[in-house]
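# Geometric and topological summary
One-letter residues, chain by chain:
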Protein chains: 2
Amino acid sequence: MRLLTLARDLRRRKSREKQALFVAEGVRSVEELLKSDLEITGVLTAPQLDGALRGPGLRELIAQRHVDTTSVTELEFRSAAETESPQGVLAIAAIPQRDLHSLAGRDHLRILVLDAVQDPGNVGTLVRTAAALDADATIALPGTVDLWNAKVIRGSMGASYHHHAMHSSADNLFAFLEAEQVSFWGADTGGISVSDSVPQKKIALAVGNEGAGLSSSVHERVTQLVSLPISAQVESLNVAVAAGIILYQLRK
Amino acid sequence: MRLLTLARDLRRRKSREKQALFVAEGVRSVEELLKSDLEITGVLTAPQLDGALRGPGLRELIAQRHVDTTSVTELEFRSAAETESPQGVLAIAAIPQRDLHSLAGRDHLRILVLDAVQDPGNVGTLVRTAAALDADATIALPGTVDLWNAKVIRGSMGASYHHHAMHSSADNLFAFLEAEQVSFWGADTGGISVSDSVPQKKIALAVGNEGAGLSSSVHERVTQLVSLPISAQVESLNVAVAAGIILYQLRK
């Protein structure tokens, strides 16, 4: 039962941070995790996995990989799961140690900065989008939901495992951007149209909270605000859609 | 208690279709509904509304509008609510009667077609995105989640009330596109890059199911497949992000 207790414990951000472990939940997330380089501590399965699409195949794959596996009842699984309709599989893995310095010295950079983005689904989609559009990293500033939250992992569709998504303090990020001469842009109303912007070789693009937009500390730091012209009838775009459109425009 | 029973009943799609009514849930959705032209049948409130952000202001606005209002207990409200943490306000309103023919005879058209998109959050974001990027309509083909599902309404952030989002059979849509000489495009891997596409004056763009992509019947009908070049490490973009990028490229 050790893995069950651990999985339950890892639902708390503090525990994930302390243990440097996270939980990937559901068939798709665990499949992608097995394909990744991340170190897997163990897998928890429940009977309903056999009824899930690609469930039996995944069970076989787990057995082949000789991962430490514990079978629990549906009820026990539910006590550790974050999703409403759990598919009966979760894996515990080590949070990859990533560092801003791994991005130093490059000629070209595209960094997505999450400034207090709070919805785990949005953050997962943002990581997936940044990875898909060849951004080099996604940096989550304080106030942003934990990148290793199970719902973020699920929403990222496996991108969390290979894309350089990491947390950073604002000070560390700002120091890095300055040292590396990275232009710091913010997505906000009142900026110039992204289509009119002149792409730089190195850009970090900040997107803000779903309701409040960019924080004042980020707002003060950005050297360029970019906007997407939208219909007057709509207040804003979803943050992941907006980031996707801007990153697409700023592609290498 | 009539409104409470009605709200509970309207959680079923069949009931919404039969009564031509839908439910808008939460402070933001009800605020936007009060600003819209839609006919409001009544409002249900619960004590927790007073603790919600902008809740007391909304209560006042409802009173000013002389909308039929019923106060219920928190528990009763929960029995009608679709959300996990209901904010204590929902409104019942008439589903606006929209028709493909209202789009006939235009020189320029941008239509988003939802081909069995199943996640209500995605569909809400798609409606919001289409409205923000000045698409003229969003057409949901069979297999797509109900556009008047409370989670879709919530995700659309009010766009459902004014954007021409409507259901249609495939046959009716295809007949309309043919009669109006609208180019029918599909978003799918293996298409030409959207940046290389030659925009037409009238385009309907179909996006497919989150897992399966475009249905075979839509696939057979489209005259142009467009793709977004993405990293080989990522299987696909989220459907709303992909639609946002393509609609942005195809803007008037």
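Residues numbered from 1 in each chain as written. Chains lettered and ligands numbered in written order. Predicted model: local features only at pLDDT ≥ 70, side-chain atom pairs only at ≥ 80, totals over all residues. Heavy atoms only, no water.

Turning next to the pattern of salt bridges. Throughout the structure, instances matching the rule amount to 28 salt bridges over all chains. Between Lys35(B) and Glu32(B) there is a salt bridge whose closest N-O contact spans 3.6 Å. Highlighted residues: Lys35(B) and Glu32(B), both in helix α3 (residues 27-35), separated by three residues, approximately one helical turn. Taking the relative accessible area as the measure of exposure, Glu32(B) reaches 16% and is therefore buried. Of the charged contacts, one joins Asp50(B) and Arg59(B) as a salt bridge, the two residues approaching to 2.8 Å between their closest N and O atoms. Among the residues examined, Arg59(B) registers a relative accessible area of 28% and is labelled partly exposed. In this structure, a network of salt bridges that share partners links the residues Arg28(A), Glu32(A), Lys35(A) and Glu235(B). (Salt bridge = Lys/Arg side-chain N within 4 Å of Asp/Glu carboxyl O. Helix = DSSP H or I, 4+ residues; strand = E, 2+ residues; numbered from the N terminus. Buried < 20%, exposed > 50% of the residue type's maximum accessible area, 1.4 Å probe, protein only.)

Turning next to the nonpolar core. Nonpolar side chains tend toward joint burial in soluble globular proteins. Core analysis: the biggest nonpolar cluster contains 116 residues, and Phe22(A) and Phe22(B) have the highest contact counts within it. If we skip the residues at most four places from it in the chain, Phe22(B) touches Leu10(B), Arg16(B), Leu33(B), Leu38(B), Ala91(B), Ile92(B), Ala93(B), Ala94(B), Ile95(B), Trp148(B), Ile153(B) and Tyr161(B). Judged by nonpolar contacts, the second largest core, of 21 residues, contains Met166(A), Phe174(A), Phe184(A) and Val218(A). (Core = buried A, V, L, I, M, F, W, Y, C linked by side-chain atoms within 4.5 Å. Contact = heavy atoms within 4.5 Å.)

As a further point, take the relation of the copies chain A and chain B. Rotating chain A by 180° and moving it 0.0 Å along the rotation axis overlays it on chain B with an RMSD of 0.0 Å. Here the transformation between the copies is reduced to the relation of a two-fold axis. (Least-squares fit on C-alpha atoms with pLDDT ≥ 70 in both.)

Residue and element names in this part refer to chain B. In terms of burial, α3 is largely enclosed, as seven of its nine residues are buried. Those residues of α3 lying buried are Val27, Ser29, Val30, Glu31, Glu32, Leu33 and Leu34. For α3, the elements touching its buried residues are β1 (21-25), β2 (40-45), α4 (55-64), β4 (89-94), α7 (150-156) and α8 (159-162).

As a measure of interface size, the accessible area lost when the parts come together is often cited. Taken together, the contact pairs 30 residues of chain A with 30 residues of chain B. Between chain A and chain B, the buried area comes to about 2400 Å², and carbon and sulfur atoms account for 55% of it. Applying the counting criterion to the chain A and chain B interface returns two salt bridges. Here Glu235(A) and Arg28(B) are joined by a salt bridge, their closest N and O atoms 3.7 Å apart. Where chain A meets chain B, there are 12 residue pairs in polar contact (both at pLDDT 80 or more). Contributing elements (two or more residues each) for the side of chain A that touches chain B: α6 (120-132) and α11 (239-249) of chain A. Here the side of chain A that touches chain B takes six residues from α11(A), the largest share from any one element. (Buried area = accessible area lost by both parts, 1.4 Å probe. Polar contact = N/O pair within 3.5 Å; in protein donor to acceptor, adjacent residues only side chain to side chain.)

Adjacent strands of a sheet pair through backbone hydrogen bonds, lying either parallel or antiparallel. Residue and element names in this part refer to chain B. The six strands lie next to each other as β7-β6-β5-β9-β8-β10, forming an open sheet whose pairing is parallel. For this open sheet the edge positions go to β7 (164-167) and β10 (224-227), each flanked by a neighbour on one side alone. The mean angle between the axes of side-by-side strands here comes to 30°, regardless of whether they run parallel or antiparallel. As defined by bridge partners, strand β5 (residues 109-115) adjoins strand β6 (residues 137-140) across four bridges and the pair is classed as parallel. When the sheet's bridge partners are listed, Val113 is paired in β6 with Ile139. Sheet strands touched by helix α11 (residues 239-249): β5, β8 (183-193), β9 (202-208) and β10. Its angle to β9, the strand with the most contacts, is close to 160°. (Pairing = 2+ DSSP bridges. Axes fitted to C-alpha atoms, helices over the stretch in contact; angles between N-to-C directions.)

Moving on: the packing of α3(B) against α4(B). Residue and element names in this part refer to chain B. One can describe the packing of α3 onto α4 by two numbers: an axis separation of 11 Å at closest approach and a directional angle of 30°. Put simply, α3 runs roughly parallel to α4. Of the two possible hands of crossing, α3 and α4 adopt the one that is left-handed. Along its contact with α3, which presents Val27, Val30, Glu31 and Leu34, the element α4 presents Gly55, Leu58, Leu61 and Ile62. Here the contact of α3 with α4 is composed, by residue class, of six nonpolar, one polar and one charged. (Parallel < 35°, antiparallel > 145°, perpendicular 65-115°, else oblique. Left-handed = near helix turned anticlockwise from the far one by under 90°. Nonpolar A, V, L, I, M, F, W, Y, C, P; charged D, E, K, R; others polar.)

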